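# What the coordinates show
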Amino acid sequence: MKMWGGRFQGSSDERMAEFTRSIDFDVELALDDIAGSIAHVHGLGRAGLLGPADVETLVRGLEDLRDDVEGGRIVWDPALEDVHMNLEAALGARVGAVAGRLHTGRSRNDQVATDVRLWLRRTLDRLDAAAVEMERALVGLAVRDGDAILPGMTHIQPAQPVLFAHHLLAYVEMLERDRGRMADCRRRANVSPLGSGALAGAGYPLDREATAAELGFAGVTANSLDGVSDRDFAVEALSAFSLCMVHLSRLAEEITWWSNPRIGFVRASDAFSTGSSMMPNKKNPDPAELVRGKTARVIGELTGLLTLLKGLPLAYQKDMQDDKPPLFDAAATLEASLLVMSGMIATLTVNREAMRSAAGDGFTTATSVADALVRRGLPFRAAHHIVGALVAEAERTGRGLDALDDATIAAALGASEDAAAVALAGDGGIAAEMRAAAGLEGAMAGCDVVGGTAPRRVAAALAAARERLGI
Ligand code: ARG
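The structure contained in this document is the topic of the report that follows. (Residues numbered from 1 in each chain as written. Predicted model: local features only at pLDDT ≥ 70, side-chain atom pairs only at ≥ 80, totals over all residues. Heavy atoms only, no water.)

### Considerations on the site of the ligand
This is how it is decided: Here a residue is considered near a molecule or strand provided that any single heavy atom belonging to it is located within 4 Å of it. Between N or O atoms, a polar contact is any pair within 3.5 Å; within protein, one atom must be a potential hydrogen donor and the other a potential acceptor, and residues adjacent in sequence are included only when both atoms are from side chains. Calculation of accessible area relied on Shrake-Rupley with a 1.4 Å probe; when residues are assessed, cover is drawn exclusively from the protein chains displayed. Each residue receives one of three labels: charged for Asp, Glu, Lys and Arg, nonpolar for Ala, Val, Leu, Ile, Met, Phe, Trp, Tyr, Cys and Pro, and polar for the others, Gly being one of them.
Around the ligand sit Ser22, Asp26, Asp82, His84, Arg108, Asn109, Val112, Tyr316, Gln321 and Lys324, and those are all the residues in its vicinity. In the environment of the ligand, a nitrogen atom lies 3.4 Å from a nitrogen or oxygen atom belonging to the side chain of Arg108. For the ligand, an oxygen atom lies 2.8 Å from a polar atom in the side chain of Lys324. For the ligand, whose accessible area on its own is 350 Å², the fraction buried by protein is 86%. Of the residues in the shell around the ligand, the class split is two nonpolar, four polar and four charged.

Below, the structure is given as structure tokens:
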């Protein structure tokens, strides 16, 4: 006999039962469901709907049940549809008929909404810890190898040299925003729908605030229809998860390129690489590639949930049962991705020489040379034009900008339409000044603003990150 079977004469078609049940995935909510039930029993006691003896019996039974769930000793019965009815039946088997009083003033609709919020709250805490772990790995690498110089890119073309630490700290910024988004989501998720009943509100004078407080919620939902059918928190979570995965995916993409022997900036450790079944030479950065791949799945899960919700009238609709697989999967995927990427980053070998030599390729210090001319009074446009001509000359003669001779520099200045440039051509010190600006160190030191790659600015940013992370 089904728990809801009073009005039914016929039995369920097996195809229907199989199709509608959720026990295969909502077991994930078992501990949250039990916590919600214990608080609800206390609430029923406070409202005088259960006597003290029944409260005690039910709470003890639920606590036993919790131990058995934790110990993996529950056999979930698919015929009981979902985790809620499985647990209620298991409670009945332990404490007898009094279990039939548990569901007073409660529907599976407010129950499951409560469970998912509780689950999300603790899951967000775990993900926050994983994000911190990832930040620690990035900052650890920045401490170890951060003074290496990387060719900063725009359009995937060499642009300007940057400190490797600066590059790594950019990802720390992204992760900090991810943490902020998850904390924000947690704050909005952290209210209790319990007492909303099926949709109209429980039919008993339950003290919703007291039950919410017992469950650690910051308050209660204000509208029962919204309470049972709001899944915004799940959308917000999936959106925060997706964006965090996108950040990891961008880093993963960089790691795969950096690991290519032609580039050779980094080498993944054996512990975070795989080989090929056919090609004995292969060493692949598989975890990074999979993080990039799994990002697609998490984005799909966000899109799926939004699509699931868009056509739903108030209040609870069975469609909502399908909010769980994407949410559970996305959270697990993000956590695993953060942890594997942390390990990969923490064990990365950096080839400073390869980075440094690439950092100078492509005349990446040209902007710095133009800036040096501006400091000597030239309009930036004129300086840009002169240095452009010097880049062309350096390229033609196979030299770096820091290897241009005095005569070449004086000629370029003298050929300018700008009077100040022509005057500067006769200055004996200018060529040496420009060559200094053309060095990698000089170029980076010039970017001396808050948030810039000048070593002293990066050192300050790194110190702040270390302080925050306690490393
Ligand atoms: N398994 C259901 C879900 O996850 C629980 C709520 C069922 N409510 C209902 N009225 N059938 O959404």
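### A look at a nonpolar patch on the surface
This is how it is decided: Within the patch definition used here, like charges are joined within 9 Å and nonpolar side chains (Val, Leu, Ile, Met, Phe, Trp, Tyr) within 5 Å, considering only residues with over 30% relative accessible area and no salt bridge. Salt bridge, as used here, is a side-chain nitrogen of Lys or Arg placed within 4 Å of a carboxyl oxygen of Asp or Glu. Only DSSP runs of H or I covering at least 4 residues are called helices, and only runs of E covering at least 2 are called strands; the numbering of each starts at the N terminus. Each residue's exposure class comes from its accessible area (1.4 Å probe, protein chains only) as a fraction of the maximum for that residue type: buried when under 20%, exposed when over 50%, partly exposed otherwise.
Taken together, Met3, Trp4 and Phe8 make up a surface patch of nonpolar side chains, about 290 Å² in accessible area. For Trp4, the position within the fold is in the segment before helix H1 (14-20). Owing to a relative accessible area of 31%, Trp4 belongs among the partly exposed residues under this scheme.

### Brief notes about the packing of aromatic side chains
Quick note on the threshold: Note on ring pairs: Phe, Tyr and Trp rings are taken, using the six-membered ring of Trp, and paired if centres are within 6.5 Å. Classes follow the plane angle, with under 30 degrees stacked, over 60 edge-to-face and the rest tilted. We call a charge positioned over a ring when the NZ of a Lys or the CZ of an Arg lies within 6 Å of the ring centre and within 35 degrees of the ring normal.
Within this structure, the stated rule accounts for three aromatic pairs. Consider the rings of Phe164 and Trp258, whose centres lie 5.8 Å apart with planes at 70 degrees: the pair is edge-to-face. Of the two residues, Phe164 is situated in helix H7 (residues 164-189) and Trp258 in helix H10 (residues 232-259); the sequence distance between them amounts to 94 residues. According to the relative accessible area criterion, Trp258 is buried, its value standing at 7%. Its guanidinium or amino end placed over the ring of Phe217, Arg121 lies 5.0 Å from that ring's centre, counting from NZ or CZ.

### A look at the environment of Met355
Convention followed: In this analysis, two residues are considered to be in contact whenever any of their non-hydrogen atoms come within 4.5 Å of each other.
For Met355, the position within the fold is in helix H13 (residues 352-360). With 130 residues separating them along the chain, Met355 and Leu225 place their C-alpha atoms 58 Å apart. Look past the residues within four positions of Met355 in its chain and what remains in contact with it is Ala148, Ile149, Leu150, Pro151, Phe164, Phe265, Val266 and Val350.

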